Every structure is written in structure tokens, then in C-alpha cells.
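Letter by letter, the chains look like this.
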Amino acid sequence: SFSCKSSKREWKPLEDHSCTDVPWLLLFILFCVGMGFICGFSIATGAAARLLSGYDSYGNICGQKNVKVEGIINSGLDLTHKKYVFFLDPCNIDLVHQRIKSLALCVSACPMKELKTLADIQKFAETNGSTLCSYELQPSEYTTDPRAAKLCPKYPVPESAPIPFFHRCAPVNISCYAKFAEALITFVSDSSVLHRLISGVMTSKEIIMGLCLLSLVLSMILMVIIRYISRVLVWILTILVILGSLGGTGVLWWLYAKQRVSASAVETQIAKDNLQALLIYAISATVFTVILFLIMLIMRKRVALTIALFHVAGKVFIHLPLLVFQPFWTFFVLILFWTYWITVLLFLGTTGTPVPNEEGFVEFRMVGPLKYMWWYHVVGLIWISEFILACQQMTVAGAVVTYYFTREKRNLPFTPILASVNRLVCYHLGTVAKGSFIITLVKIPRMILMYIHTQLKGKENACARCMLKACICCLWCLEKCLTYLNQNAYTATAINSTNFCTSAKDAFVILVENALRVAAINTVGDFMLFLGKVLIVCSTGLAGIMLLNYQRDYTIWVLPLIIVCLFAFLVAHCFLSIYEMVVDVLFLCFAIDTKYNDGSPGREFYMDKVLMEFVENSRKSMREAGRGGGAEGRELKPM
């Protein structure tokens, strides 16, 4: 399977299974061990305890005995009975660094009601044994010691409650976070509008959930019926393109004629320049329209292949219904990984060596090589996320390949999806690891350039800004091309059990040989799927408007409708992206089938009856044009 002689090696679908790209699997496992080491290191150094139990401004972890930090007063205290973090000024938020700028203390209980004066704070300490002022002040000194103004909380102290699992006292009334909310929701200038929008969401939550479920059902229905309406969608696309191009060209020529009449009356340089510009635009539009019509004329037969592939893809989902649920499993695994990643990221935010800051309080900072663990962790986010997505692509490819190259569909495995997962785990995880790493190599520089662009916004000159955007755009295009090639490489691996490089080369050769067909499928097919997404979003939005019509305050429609439409688009995208993946896999299988088989005995086609009819019609049209041969006139019978 490691042979690189792809041109001399014939495709033998599903005949051989062997392990591919084993070194890359070992490298990926080593990388994951490194990710585990970062998690273990952060837990071992107390970061997990600091995150969950919380710590005060002197480096003490709440709810336990602590070790003295050199040069820091009030460190090394026994706070076994003080389990909650309390901020003296919880509303003083640093929006830039996303943290609360306030002295933090460990207390035994959060203030369960508002405390308006120092006397109330003193009474609370004496009654509940929870001292809300700094450790060096005794409760009896709260109202007499002049330091109380600085070392006691800013009053009135808001009513607070502990955050579950994280032992932080948070104000029950979040109105003090108004500035933070305004920074996040800049488009809402009137707080009453914000309250009405939120209340609209809360009162319509049952409708929102129902509409989200409706979008899910509509997406599933569309995946089944799209093969029946694909021809109609293609006609819609063709008519829109013809009307749009002719209309645009006609309007430009009309404007040119109108401007020419008015320019003859007013002889100015500006009028002449405008007339010349309109002439150039009109000629350019005419040339574009003619080229577009020629392309549509050349590709009209290849559009028939797109329709046939969509029809067969619908059959695939009937035979392999578990394909519909692939996005759910992938999303579930991604959510689990992202939850783990964010948890370790929070651990890293509280790990390191305690050092005093400029205010005399303790901060935890990583020094030396350990501070680069952040970068390793970020690379892990990208690589492992891409690995999970690539596993989905390989699973779908394996299942569709099994369907296509099984002549008798009743002989399909009981669950082709599980059989594909089994082959992936046993043989091809290394190939998936290599493919996802290549995408990661392109994605990281693009993200770095995007970060630089955001940091330099308003500071760099126009030339630098243009170059940065051009580099970002080029890397994005490269990433999309590699993703498409990777997907086809996974299909080739699923067919022939070859390593990544050989599969990518084989797939690339097939795609180049069928470049016009690829262009037709990726333009017409993508537009059809886009129309499907628009149909689901519009249907869900229309149902939302009808259901929300009972609320006459039309302002509060906005947020529920936005939530529902975004969810509908996300669901439709997830489902139809699987459909698009199936169509791409079917096309590669079809291209290989037509290249290495001709329908003769011993070289029978594997393809479906619908694709067979397409091949037969293509051969008839070629014979009628006088380009057919004797071999091409052979009768084709579907297997």
C-alpha cells in the first residue's frame, strides 16, 4: 500500500486493507500525550485548586492551609473555614484584560442581603462569622479604624450568592455589570430595549425551541427529497443567471445611451469621462455575458451529471440512514474536546509561580520554557479539531465507497457506517492525522496574520494593510483547496487502502482529468445546496413570524427570529454539508469507475442505474455527433 506507482497500479476497490501512515499516527499520539502532560502539570502545580476553590489577592487558596509567599504580607494563612472568594468592589471591571480590578479575600459566607454601612458589615461579621474586610482588621475595628475605608468593601455591598462549583461570591443583581454589557452589546443604547428583547426571548422560549426542532425536521426532509427537486433547482439557477447577466448588460447599455444623449448637450470633461467609463463597463459586461453563455453551453451536459449524482446521493441516504446523524456525533465529540480544552486553558490561566505585581498583590505567571505551553495548547486545539472533522470525512467516504462498489445492495454490511468506523480505527488513523496536520500548518499562519491585522488596525499604512489582507486571503484559498483535496484523498484511501501522499496524488490526477465536471458539480451543486439552506431558513423564519404574531410589540420579535434563523442555517449547513460530501465521494467513485471499466464482461460498471443512463445518453450524443467508436456503442447494463 506504500507504493508510489499510482499510474501503473489499477484501482482495486475494497480488495485490500492495510495500515497507512503509521509514523504519523505515532506522532499524533505523542502530541496528545503532550496535551495530557500540560493538563497534568497545571493540576499538579495547584492551578485546578486555584480555579475551582478560588484564591485571594495574597496568593492564598480558599478552603485550605497555605504556604507563605516570600515578600507578601497576609500570605500563608490557614483559610480552611473560609471557602468563598469575595471581591471588595465586584463591579470594577477591567474590560481590556477581562478581569475584576478589586482586592479579593476568602470569606466563610457571601453576604445574603445588601449591607449599606460599615456598621452593617460589622454586624454581618459578628453574626455570621464572615469577615468582609481585609485580614489585618478585626470586626471590632471596622467602624473605628481609619484604614477601613480602603480595606473594607465599597458599600452598599450588593446581595451576593456563590457561583456553583467555583466558590466565588457574585452579585445577585447584575446591574452593576452594565458597562460590561454595554461593551458587549454596543448596538443597544436604551436599556429598556435590551430588557424588552430579553423578555421577548424568555416569553417565546417554547416557540423558539419548537422552531429549532422544525428546522431540524425540515433539513432531514430536504435531504430525502432534494434528489427529486434537483432538476427544478438547476432550472431556477439557469434562469436567474441568464436574467441577471442580460439584465445587468442591458441596463449598462441603456445608461450609456442615456448619458450619450445628455453629454452631447453638455460638453464637459467630466461628462466625457463618465461616458467613456460607462462604455467600458457595458463592453466588459457584454464580454462577460457572452463568455458565461459559452461556458453554460459547454457545461450543459455536465450539469446532467450533477443532477444524476444528487439523485444517487438521495438513494445513499435511504440505504445508509445513519449518515444523517454524522453531524451530531461529530458535534458531540467536538463539544467534549472543546470543553476539555477550555478547562485546561483556565487551568493555565491560574498556573505558574506566585510573583508580586505593582500593586503589591500576588499574580501567578509562568516563567522560562513553560510559558510556551500556551502555544502548544493552541496548536492542539486546531490539530485535534481538524482530526475529528477529518475522521468524519473518512467515515462518510468509507461508507459511501462501500455502497458504491457493492454490486448487490442487499449484500451491504448491516451498518456500513460502523464498518467504516472500524476500518478507520484499525487502518487509517495515521492518514487522517497527516491530512489534518497539513490543514493545521496552513491555518496557524493565517490566524497569526489575522491577529497581527487586528492588533495593528489603525496603525499600519494602507499598503501594509492591503498586503496583510492579500496574504490572509491567499492562505484561506489554499486552506479550502487543501481541504477539498484532503477529502478526495480520504476517499482514495477508503477505496484502495493507500497512504496519504499516494491517495492525494491519485485523487488529484482523477480530478484534473475531470476538471470541467468538477467545476460543474462545485458551482451548480453548491448553489443548489445554498438554495436548500435559504429554503430552510426562510421556511423557519416564516413559521416564526406567524407564531410570534400574537405579540403586537414587534420590537421583541427581532432577537427570537435572529436566534431561530441562525440555528436553522447552522442545522441546514451541517446536514447539507454531509450531502455535499456524499456527492463529492460519489463523483470520485464514478470517475474511477468510468476510467477503469467500460461495461464489457469482466469490466462491468459498479454505478447506479441513474448514472448508467447518464453514461448511455452521453455515448448516444457522441455517436450522433460522429465521434463515437465501435466500443462506445456497446450496450450498458446496470449491475
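Residues numbered from 1 in each chain as written. Predicted model: local features only at pLDDT ≥ 70, side-chain atom pairs only at ≥ 80, totals over all residues. Heavy atoms only, no water.

A. Examining the overall build of the chain more closely. Broken down by element type, the chain carries 16 helices and eight strands. Here the contacts in the chain between residues at least 6 apart in sequence split such that 70% fall between residues at least 24 apart. For the chain, the accessible area works out to roughly 34100 Å², and carbon and sulfur atoms hold 68% of it. (Helix = DSSP H or I, 4+ residues; strand = E, 2+ residues; numbered from the N terminus. Contact = heavy atoms within 4.5 Å. Areas by Shrake-Rupley, 256 points an atom, 1.4 Å probe, with all protein chains shown as cover.)

B. Inspection of the packing of aromatic side chains at higher detail. Using the criterion set out here, one finds 16 aromatic pairs in the structure. Seen from their ring centres, F31 and W383 are 5.0 Å apart, and the 55° between their planes marks the pair as tilted. Note that F31 is positioned in helix α1 (residues 22-44) and W383 in helix α10 (residues 373-404), a separation of 352 residues in sequence. Judged by relative accessible area, which is 11%, F31 ranks as buried. Its relative accessible area of 2% is what places W383 among the buried residues. When the centroid spacing of 6.4 Å and the interplanar angle of 55° are considered together, the rings of Y490 and F500 count as tilted. Residue Y490 is located in helix α12 (residues 462-496), and its partner F500 is located in helix α13 (residues 500-513); the two are separated by ten residues in the primary sequence. F500 shares its class with Y490; the two are buried. (Phe/Tyr/Trp six-rings, centres within 6.5 Å; stacked < 30°, edge-to-face > 60°. Buried < 20%, exposed > 50% of the residue type's maximum accessible area, 1.4 Å probe, protein only.)

C. Local environment of the environment of S134. Tracing the chain through its elements places S134 in the loop between α3 (118-128) and α4 (148-151). You can call S134 buried: its relative accessible area is 1%. When near neighbours in sequence (up to four residues on either side) are disregarded, S134 contacts Y58, N74, L103, L105 and L151.

D. The nonpolar core, seen in detail. The biggest cluster of nonpolar side chains holds 68 residues, and the ones touching the most others in it are L323, Y404, Y579, V582, L586 and L611. Those elements that provide at least two residues to this core are α7 (205-265), α8 (269-319), α10, α12, α13, α14 (515-548), α15 (558-596) and α16 (609-624). It is α15 that provides the largest number of residues to this core, a total of 19 residues. Ignoring sequence-local partners within four residues, the contact set of L586 consists of L309, V312, A313, V316, V400 and Y404. Core analysis: the next-biggest nonpolar cluster, separate from the first, contains 32 residues, L88, A125, C133 and L137 among them. (Core = buried A, V, L, I, M, F, W, Y, C linked by side-chain atoms within 4.5 Å.)

E. Seen up close, the state of the cysteines. The full count for this structure, using the stated rule, is three disulfides. Take C471: it sits in no disulfide, and the sulfur closest to it among the cysteines is that of C474, at 6.6 Å. (Disulfide = S-S within 2.5 Å.)

F. Structural view of the environment of A390. Along the chain, A390 turns up in helix α10. Under the relative-accessibility criterion, A390 is labelled buried at 3%. Ignoring any residue separated from it by four or fewer positions in sequence, one finds A390 in contact with V432, S436 and Y490.

G. Representation of helix α9 (residues 326-349) within the structure. Here α9 is 24 residues long and its end C-alpha atoms lie 34 Å apart, about the 34 Å a rise of 1.5 Å per residue gives. Looking at α9, one finds that the buried residues are Q326, P327, T330, L334, F337, W341, V344, F347 and L348. (Expected span 1.5 Å × (residues − 1).)

H. Examining unusual backbone geometry more closely. Of note, D21 is a non-glycine position whose phi angle comes to about 55°, a positive value. You will see that S497, though not glycine, has its phi angle at about 60°, which is positive. Within the secondary structure layout, S497 lies in the loop between α12 and α13.

I. Here's a closer look at the environment of S108. Looking at where S108 falls in the secondary structure, it is placed in the loop between β4 (104-107) and α3. Among the polar contacts made by the side chain of S108, one reaches the main-chain carbonyl oxygen of G129 at a distance of 3.1 Å. (Polar contact = N/O pair within 3.5 Å; in protein donor to acceptor, adjacent residues only side chain to side chain.)

J. Inspection of the side chain of N60 at higher detail. When you line up the elements, N60 lands in the loop between α2 (47-53) and β1 (84-87). Residue N60 is classed as buried on the basis of its relative accessible area, which comes to 0%. Here the side chain of N60 touches L77 through a polar contact of 3.2 Å, landing on its backbone nitrogen. When near neighbours in sequence (up to four residues on either side) are disregarded, N60 contacts G54, Y55, N66, N74, S75, G76, L77, L79, C106 and Y135.

K. Molecular detail of the pattern of salt bridges. Applying the stated criterion to the full structure yields five salt bridges. Across the pair K443 and E479 runs a salt bridge, and its minimum N-O distance is 2.8 Å. Taken together, the residues span a long stretch of sequence, with K443 in helix α11 (residues 416-455) and E479 in helix α12 at a distance of 36 residues. Of the two residues, K443 and E479, both sit in the buried class. R446 is paired through a salt bridge with E479; the nearest N and O atoms lie 3.0 Å apart. Taken as a pair, R446 in helix α11 and E479 in helix α12 lie far apart in primary sequence, 33 residues in all. Judged by relative accessible area, E479 falls into the buried class, the value being 5%. Within the structure, one salt-bridge network assembled from shared partners comprises E386, K443, R446 and E479. (Salt bridge = Lys/Arg side-chain N within 4 Å of Asp/Glu carboxyl O.)

L. Quick look at the pairing of strand β8 (residues 362-365). Side chains V362 and F364 project from β8 onto a buried face, and the interleaved E363 and R365 project onto a face without burial. Sheet topology places strand β7 (residues 353-356) next to β8; four bridges connect them, and they run antiparallel. Counted as the bridge partner of V355 is E363 from β8. (Pairing = 2+ DSSP bridges.)

M. Spatial organisation of the packing of α12 against α13. Two elements in contact, α12 and α13, have axes whose closest approach is 8 Å; the angle formed by their N-to-C orientations is 110°. Viewed along their axes, α12 and α13 adopt a mutual orientation that is roughly perpendicular. Residues Y484, L485, N486, N488, A489, Y490, A492 and T493 of α12 touch α13, and the partners they reach there are F500, S503, A504, A507, F508 and L511. Residues belonging to the contact of α12 with α13 are distributed by class as follows: ten nonpolar, four polar and no charged. (Axes fitted to C-alpha atoms, helices over the stretch in contact; angles between N-to-C directions. Parallel < 35°, antiparallel > 145°, perpendicular 65-115°, else oblique. Nonpolar A, V, L, I, M, F, W, Y, C, P; charged D, E, K, R; others polar.)

N. Fine view of the packing of α10 against α11. At a minimum axis separation of 5 Å, α10 and α11 run at an interaxial angle of 140°. Compared by their axis directions, α10 and α11 come out oblique. As α10 packs across α11, the resulting crossing turns out to be right-handed. Along the lines of polarity and charge, the residues of the contact of α10 with α11 split into 19 nonpolar, eight polar and three charged. (Left-handed = near helix turned anticlockwise from the far one by under 90°.)

O. Fine view of the confidence of the model for the chain. Overall, the predicted model of the chain reaches an average pLDDT of 79, with 84% of residues at or above 70. Mean pLDDT across the secondary structure elements of the chain bottoms out at helix α5 (residues 178-184), with 46, and peaks at α10, with 92. Segment residues 1-8 is flagged for pLDDT under 50; beyond a separation of four residues in sequence, or across chains, it makes 14 contacts in the model. Contacts from residues 627-639, a stretch scored under 50 in pLDDT, to residues over four places away or in other chains number 28 contacts. (pLDDT = per-residue confidence, 0-100.)

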